[in-house]
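# Structural overview
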Amino acid sequence: MKKIELNVTGMTCEHCVAKVKGALEGIEGVTDVGVSLEKATAWLNAPASVSPDELVRSVVNAEIGRG
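Throughout what follows, the structure given in this document is the object of discussion. The model shown is predicted, which means the values in this text are computed figures rather than measured ones. (Residues numbered from 1 in each chain as written. Predicted model: local features only at pLDDT ≥ 70, side-chain atom pairs only at ≥ 80, totals over all residues. Heavy atoms only, no water.)

## Details of the overall build of the chain
What counts, and what does not: A helix here means a DSSP run of H or I that spans at least four residues, while a strand means a run of E at least two residues long, and both kinds are numbered starting from the N terminus. Computation of the radius of gyration draws on C-alpha atoms, with the globule rule given as 2.2 Å multiplied by the number of residues to the power 0.38. Exposure categories follow from relative accessible area, calculated using a 1.4 Å probe and restricted to protein chains: below 20% of the type maximum is buried, above 50% is exposed, and the middle band is partly exposed. In what follows, a contact means two residues having at least one pair of non-hydrogen atoms within 4.5 Å. The method behind every accessible area is Shrake-Rupley, applied with a 1.4 Å probe, and residues are considered shielded solely by the protein chains displayed. In this tally, Asp and Glu contribute negative charge and Lys and Arg positive charge; neither His nor the terminal groups of the chain are included. To locate a charge, the coordinates of NZ of Lys, CZ of Arg, CG of Asp or CD of Glu are taken.
The number of helices and strands found in the chain is two helices and three strands. Tracing the chain from N to C terminus, the helices and strands come up as β-α-β-β-α. For 67 residues, the compact-globule estimate of 2.2 N^0.38 gives 11 Å, and the chain sits close to it at 11 Å. With respect to the principal axes defined by its C-alpha atoms, the chain has extents near 30 × 20 × 15 Å. Each of the 67 residues in the chain was classed as buried or not, and the buried ones make up 40%. Considering only residue pairs separated by 6 or more positions, the chain has 60% of its internal contacts joining residues 24 or more positions apart. Looking at the chain as shown, the accessible area adds up to about 4,100 Å², and 50% of this sits on carbon and sulfur atoms. Both charge centroids of the chain, one from 7 positive and one from 9 negative side chains, sit 2 Å from each other.

## Things to note about the environment of M11
Take M11: it is sitting in the loop between β1 (2-7) and α1 (14-25). Under the relative-accessibility criterion, M11 is labelled buried at 11%. Each C-alpha atom, one on M11 and one on L37, is 6.5 Å from the other, the two residues being 26 residues apart in sequence. With residues up to four places along the chain from it excluded, the contact list for M11 reads C16, V17, V20, V35, S36, L37, A40, T41 and I64.

## As for the pattern of salt bridges
Heads up, the condition is: Between Lys or Arg on one side and Asp or Glu on the other, a salt bridge is scored when a side-chain nitrogen of the former is within 4 Å of a carboxyl oxygen of the latter.
The tally for this structure, following the rule as stated, stands at one salt bridge. A salt bridge links E25 to K21, with the shortest nitrogen-to-oxygen separation between them at 4.0 Å. Within this pair, E25 and its partner K21 are both found in helix α1, separated by four residues, close to a single helical turn. Since its relative accessible area comes to 44%, E25 is described here as partly exposed.

## Side note on the nonpolar core
Basically, it comes down to this: Among buried residues, the Ala, Val, Leu, Ile, Met, Phe, Trp, Tyr and Cys ones that are joined through side-chain atoms within 4.5 Å form a nonpolar core.
Ranked by size, the top nonpolar core spans 21 residues in total, and within it V8, M11, V20, L24, L44 and L55 carry the most contacts. For this core, the secondary structure elements donating two or more residues are β1, α1, β2 (31-36), β3 (41-46) and α2 (52-61). A total of five residues in this core trace back to one element, the largest contributor, which is α1.

By themselves, these observations are geometric and do not establish any function.
Okay, here's the thing in structure tokens:
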């Protein structure tokens, strides 16, 4: 497992935080997901098989900041 921190721009409310958290938790093998609206970051533990691109794609697909 590797600990990863992502910068997440575009979050405007706790609804966005929930979308990001749900998107990351939906990736197989990802655990211990946390998201901070104030710091605009997300952190998690992921197996080596999970690529950073997969994490970013998941957050982008969550369409944060759109309601």
